[in-house]
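# Summary of structural features
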Amino acid sequence: MSFAELDATSNFTFLTGGSHPEEYMARAAILGIEAVAIADVNSVAGIVRAHTQTKEIAREVRLRQAVDPIGPPKPAHLPDPPSAPIFHVPRLVPAARIVLTDGFTVTCLPRDRAAWARLSRMISAGRLRAPKGECDLRFEDLLEWGEGQEMLLHPAGHAPGDWRARAERLSNRFPGQVTLLMALHYDGQDSARFARLAALATDLGLPAAASAAPVMHHGARRKLTDVLTAIREGVRVDQLGRAALANSEQRLRSEPEMLRLFEGHEDAVSRTSEIAARCAFDLDQLRYEYPSEIAGNETPSDRLSRLAHAGLERRYPAGAPQKVRDLLAHELALIAKLKYEPYFLTVHDVVAFARSRDILCQGRGSAANSVVCYCLGVTSVSPEIGTMVFERFVSEARDEPPDIDVDFEHERREEVIQHIYDRYGRHRAGLCATVIHYRGKRAIREVGRAMGLTEDTIGALSSQLWGFFSADAVEEKRFREIGLDPADRHLQQTMALIHEVIGFPRHLSQHVGGFIMTEGRLDELCPVENATMEDRTVIPWDKDDIDALGILKVDVLALGMLTCIRKAFDLIREHHGIDYDLASLPPEDPGVYDMLCKADSLGVFQVESRAQMNFLPRMRPRCFYDLVIEVAIIRPGPIQGDMVHPYLRRRNGEEQVTFPSDELGKVLGKTLGVPLFQEQAMQIAITGAGFTPDEADRLRRSLATFKKHGNVSEFRARFLNGMRDNGYESDFAERCFSQIEGFGSYGFPESHAASFALLVYASAWLKHHHPAVFACALLNAQPMGFYAPAQIIRDAREHGVEVRPVDINRSFWDNALERTDEGDLALRLGFRQIRALPEEDAQWLIATRRNGYRAVEDVWRRAGLASKHLRTLAEADAFAGLKIPRRQALWAARALPDSGELPLFKGDLDGEGIREPAVALPAMTLGEEVVEDYVSFRLTLRAHPLSLLRERLTPKDAPPPPPQPTPQTAAANMRSHPRNVRHFA
């Protein structure tokens, strides 16, 4: 006899389940449970995590059996069991608890791959009928998609007649598939309830199966489960009433416990293993098929080779070097061997669509290390720049899919997304999910409210967020600093629950751009549901889940700087007649590097922050690879790993560049012995510490930028012992690991940094050679970056750009460029800079002005603008070009009615319109003009506000001010000020 738990609720039934799917599987391994079905409500979102944990347990068991074949102990990372059962590997049974809109509930366990496809389509049907997070399923859906499912009927909570009729209809429709579920309620009435259910099952001619109906893997999670329920219900824990758990019993149970609790109904316990045995489906059976991306008789391999070689000729019109040709042949051979050609073709087609619409795009990440991607136009970074090999991107040994990230203009990415939906259909394409987990502030806020803390206390706790997730002594000190008693029992309990809920899933959101596309139906691979955003559909699995299942995705991401660069290229084409793209910009321009060495980088991609501005004069980049390092080094990982100062000292000749061995010298040579990239961390582990490629890959995964559960520290002992065994000193090993551990916060791959460095160079080149174009494009791409329009305009004027105000007859919606009398380009501010002026009204104003407006009333008559928008234009001084002062224009605008009706003429119909008596309005002072400019634009072209107060702020006996420096000198002085240097330090 054996027992399988067939109805476990994980925390992916959001704000209901009290345990992770991984915890269920680990606990089942300890308790000796044969199989566990993770059955969340109308969802399979947590199943892949349970599947991954099961494989990890199996791997641990195999490793320990190899050491001690007599009896495998439990893996070290699992909790100690209450007793000492024989450790084994439980089987995951994929499942979902289907809850219809009227409450009728059936747990479905697919027997085979076809049944899984039907279950997935059933959930998709319900999810797509409802808004995000909801599901609209009906009984007819069960009848349509129920074939091949083991159905466990939940009897409670329904009108007997209606429920019985449905149960009979299901059992007649699917003979041999329906079982009555007998679940523990732990309310003292279970024995009597089981007797009634057994009689009901006999009457219906159905077998019965037992379940502990766990909502947590261990009873210690009862308090947290009640807190989650309180958050879901929007009440305090002490107000839950019957919604709270009665006790800690609703947990995962072992077979002996189940036999004791189901005394007299032991057959219901043993039947669970029979049902689990019939459910042979495993997630490893999901065979993902990528779209073939071919037409006619051409194979994917032939098409990819043809496109790649055509791109090679385009990239190297004078002939490609033999090294590049050899690399291309090697990559194509490896791609063909792993059958990834359709994936590269899909990315090519998406990029080709974007280029056909003049949407600028740029591949980044590991794709920048591929000759194939360079030839296909996915990236503009030559792979000769980096030092890593293609196997970092596509590896036969790792047997994992490649991952190509492509950035598109942030204003036009939606065009690309909708193109993908249109091309493949929503039944074949969908975005990945992102699991929103509890983190510090949300945990403090929601758990604190559920536990009855006041808003003042919650605010005080949130203000000291990072102090509460460090050492206990620090946490106690923080409590006292904000006036709280660390010995208060209620506060202690609340903080314990806050710590416990960290990492729990809160809800599903959509990935920023990870697309899954399939040859067959995506909704037969996994369910598809609506996103909050209109016209978006997503799957319930995140990027870690699809990586675990070997499912390919294409990241369609948005980047504001690409919008800026594309608009700048358009302006250069319009005003200078020169066509540029990212690949054709003049390379290695000394003037560009001179500008960056002066920290003149406001608005330049990635190097516009205060930290970067302070680092640039110390780094003094002189070539493209210096920019690659610049992008990678000012990150939390390298900074926390103490990599910045050693690199600078070595670069400036203040410290000798040495390597502890020739092998590590080959790894760290280009970065002067300091590991700056993720790939170098992997190579140090392999070369210096003797890691296997598999172990190094696990280290890389723990270093990944946004891993929720990555833990670099678990590799510490293995790394230090390996370095010692290979003859390296312990101090050096400790320093290496400290640097590697810094990557756990944030570290860049070299190829990713190279992709971003190209955009750094492109934006810096534009700023240096075409400052007016760059400022105009940057303003038209807002919102983005660190700086407000006022700072961008001030910087442009410091670079000699004439900036002209908004003008009712000369401005357009976007900022534009105009020729000056000297033939230079001046920047004309557009209507988009005016607050509270809708684009639609501005475009209508532009369309109807023809040869120009002559008065405020003229705009009102011809453009039909509402008078409130005319007042907005008047307040922005848009009529100054007509010699109408701001106050006079506002007076005229206020005379116009709000209704939009034309005013009545005087009886003689002389055509002069409204006749207002002449009013002598006082002229606005310069200070008033500046204030009104900031109200309308958040900037002014007139004077700096402090210049109006200089006389009041300057003592009468102060010496005369020094001569004013040129704008360029002033900018350089500001950027090199010791205060700014201290900010970086």
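Residues numbered from 1 in each chain as written. Predicted model: local features only at pLDDT ≥ 70, side-chain atom pairs only at ≥ 80, totals over all residues. Heavy atoms only, no water.

When you go through the chain residue by residue, the secondary structure sums to 41 helices and 18 strands. Expressed as a percentage of its 985 residues, the buried residues of the chain come to 54%. On the chain, roughly 43500 Å² of surface is accessible, and the fraction owed to carbon and sulfur atoms is 51%. (Helix = DSSP H or I, 4+ residues; strand = E, 2+ residues; numbered from the N terminus. Buried < 20%, exposed > 50% of the residue type's maximum accessible area, 1.4 Å probe, protein only. Areas by Shrake-Rupley, 256 points an atom, 1.4 Å probe, with all protein chains shown as cover.)

The next point concerns the sheet that holds strand S3 (residues 91-92). The strand order S1-S2-S3 describes an open sheet built from 3 strands, whose pairing is parallel. The open sheet terminates on both sides in strands that have one partner only, identified here as strand S1 (4-8) and S3. In the sheet, strand S2 (residues 35-38) pairs with S3 via 2 bridges, with the strands oriented parallel. Counted as the bridge partner of Ala-35 is Arg-91 from S3. On the sheet, helix H1 (residues 21-31) packs against S1, S2 and S3 and is oriented at approximately 165 degrees with respect to S2. Against the sheet, helix H9 (residues 266-278) makes contact with S1, S2 and S3, and its axis sits at roughly 80 degrees relative to S1, the strand it touches most. (Pairing = 2+ DSSP bridges. Contact = heavy atoms within 4.5 Å. Axes fitted to C-alpha atoms, helices over the stretch in contact; angles between N-to-C directions.)

A word on the sheet that holds strand S17 (residues 816-819). One open sheet accounts for 3 strands, arranged S16-S18-S17; its pairing is mixed. Strands at the two margins of the open sheet, each flanked by one partner only, are strand S16 (803-804) and S17. Sheet strands touched by helix H20 (residues 560-576): S17 and strand S18 (825-828). Its angle to S17, the strand with the most contacts, is close to 20 degrees.

Moving on, we get to the pairing of strand S8 (residues 208-211). Each regular strand carries side chains that alternate between the two faces of the sheet. Burial along S8 is two-sided: Ala-208 and Ala-210 facing one way and Ala-209 and Ser-211 facing the other are all buried. Bridging between strand S7 (residues 178-183) and S8 involves 4 bridges; their strand directions are parallel. Considered in S8, the bridge of Leu-180 is made with Ala-208.

Okay, empty space enclosed by the protein next. Applying the stated criterion across every chain yields a total of 2 cavities of 30 Å³ or more. Of the volumes computed, that of the largest cavity is approximately 70 Å³. Within the residue set of the lining of the largest cavity, elements represented by two or more residues are helix H32 (771-780) and helix H33 (789-798). In terms of residue count, H32 provides more of the lining of the largest cavity than any other element does, 4 residues in total. A per-class count over the lining of the largest cavity returns 7 nonpolar, 1 polar and 2 charged. Considering only enclosed or pocket space, the second largest cavity measures out at about 50 Å³ in volume. Lining the second largest cavity are Met-561, Gly-603, Glu-608, Leu-778, Gln-782, Met-784, Gly-785, Phe-786, Tyr-787 and Ile-792. Residues belonging to the lining of the second largest cavity are distributed by class as follows: 6 nonpolar, 3 polar and 1 charged. (1 Å grid on protein atoms, 1.4 Å probe; cavity = no way out; pocket = protein on both sides within 12 Å on 5 of 7 lines; lining within 4 Å. Points joined across faces, edges and corners; volume = space filled by probe spheres on them. Nonpolar A, V, L, I, M, F, W, Y, C, P; charged D, E, K, R; others polar.)

We now examine the pattern of salt bridges. Scanning the model with the defined rule gives 63 salt bridges in all. Note that Arg-253 is salt-bridged to Glu-257, the shortest N-O span being 3.2 Å. Under the relative-accessibility criterion, Arg-253 is labelled buried at 1%. A salt bridge links Arg-622 to Asp-594; its shortest N-O distance comes to 2.9 Å. You can see Arg-622 sitting in the loop between helix H22 (610-619) and helix H23 (624-633) and its partner Asp-594 sitting in helix H21 (residues 590-597), a full 28 residues away along the chain. Residue Asp-594 is classed as partly exposed on the basis of its relative accessible area, which comes to 36%. (Salt bridge = Lys/Arg side-chain N within 4 Å of Asp/Glu carboxyl O.)

Evaluation of the coordinates by the stated rule reveals 12 aromatic pairs. Here Trp-116 and Phe-281 contribute two aromatic rings whose centre-to-centre distance is 5.2 Å and whose plane-to-plane angle is 20 degrees, an arrangement assigned as stacked. Within this pair, whereas Trp-116 is found in helix H3 (residues 113-128), its partner Phe-281 is found in the loop between H9 and helix H10 (300-315), the two being separated by 165 residues in sequence. Taking the ring centre of Tyr-374 as reference, the NZ or CZ of Arg-315 above it sits at 4.4 Å. Above the face of the Tyr-421 ring, Arg-426 is positioned so that its terminal group lies 4.0 Å from the ring centre. (Phe/Tyr/Trp six-rings, centres within 6.5 Å; stacked < 30°, edge-to-face > 60°. Lys NZ or Arg CZ within 6 Å of the ring centre and 35° of its normal.)

Once that is clear, we can look at H20. Residues spaced three or four apart along an α-helix face the same direction, because each turn holds 3.6 residues. In this model H20 runs 24 Å from its N-terminal to its C-terminal C-alpha over 17 residues, within 8% of the 24 Å that 1.5 Å per residue would give. Along H20, 13 of the 17 residues are buried, which leaves the element largely enclosed by surrounding structure. Backbone geometry just after H20 places Gly-577 at a positive phi near 70 degrees. (Expected span 1.5 Å × (residues − 1).)

Another point: the environment of Thr-202. Within the secondary structure, Thr-202 sits in helix H6 (residues 190-204). Its relative accessible area of 64% is what places Thr-202 among the exposed residues. Distance in space between the C-alpha atoms of Thr-202 and Leu-180 is 9.9 Å, their sequence separation being 22 residues.

Right, let's talk about the side chain of Ser-763 for a bit. One can find Ser-763 in helix H31 (residues 750-769). Note on Ser-763: relative accessible area 0%, which makes it buried. A distance of 2.8 Å separates a polar side-chain atom of Ser-763 from the backbone oxygen of Leu-759. Not counting chain neighbours up to four residues away, the residues in contact with Ser-763 comprise Met-561, Ile-565, Val-604, Phe-605 and Phe-774. (Polar contact = N/O pair within 3.5 Å; in protein donor to acceptor, adjacent residues only side chain to side chain.)

We now examine H1. For H1, the tally of buried residues reaches 10 of 11 residues, placing the bulk of the element in the interior. Residues Pro-21, Glu-23, Tyr-24, Met-25, Ala-26, Arg-27, Ala-28, Ala-29, Ile-30 and Leu-31 constitute the buried set of H1. Remark: Gly-32 follows H1 within two positions and exhibits a positive phi of approximately 75 degrees.

Moving on, we come to the nonpolar core. Counting residues in each nonpolar core, the largest one holds 120 residues, and the members touching the most others are Ile-98, Leu-142, Leu-153, Leu-170, Phe-344 and Trp-541. Tallying contributions element by element places helix H12 (residues 341-356) first for this core, with 8 residues. Apart from residues no more than four positions distant in its own chain, Leu-170 is found in contact with Phe-104, Val-106, Phe-139, Leu-142, Leu-143, Met-151, Leu-153 and Val-178. Within the second largest apolar cluster, 103 residues are counted, among which are Met-595, Phe-615, Ile-792 and Ile-808. (Core = buried A, V, L, I, M, F, W, Y, C linked by side-chain atoms within 4.5 Å.)

The next subject is the confidence of the model for the chain. For the chain, mean pLDDT is 84; residues scoring 70 or higher make up 85% of the total. Element-level pLDDT for the chain is lowest in helix H41 (residues 978-984), with a mean of 36, against a maximum mean of 97 in S2. The model gives residues 904-912 a pLDDT under 50, and that stretch makes 5 contacts with residues more than four places away or in other chains. Segment residues 970-985 is flagged for pLDDT under 50; beyond a separation of four residues in sequence, or across chains, it makes 23 contacts in the model. (pLDDT = per-residue confidence, 0-100.)

Where H12 contacts helix H14 (residues 413-424), the axes come no closer than 10 Å and their chain directions differ by 125 degrees. Considering their axes alone, H12 and H14 lie oblique with respect to each other. Note on packing geometry: the crossing formed by H12 with H14 is right-handed. Facing H12, whose interface residues are Thr-346, Asp-349, Val-350, Phe-353 and Ala-354, H14 presents Glu-415, Val-416, His-419, Ile-420, Arg-423 and Tyr-424. (Parallel < 35°, antiparallel > 145°, perpendicular 65-115°, else oblique. Left-handed = near helix turned anticlockwise from the far one by under 90°.)

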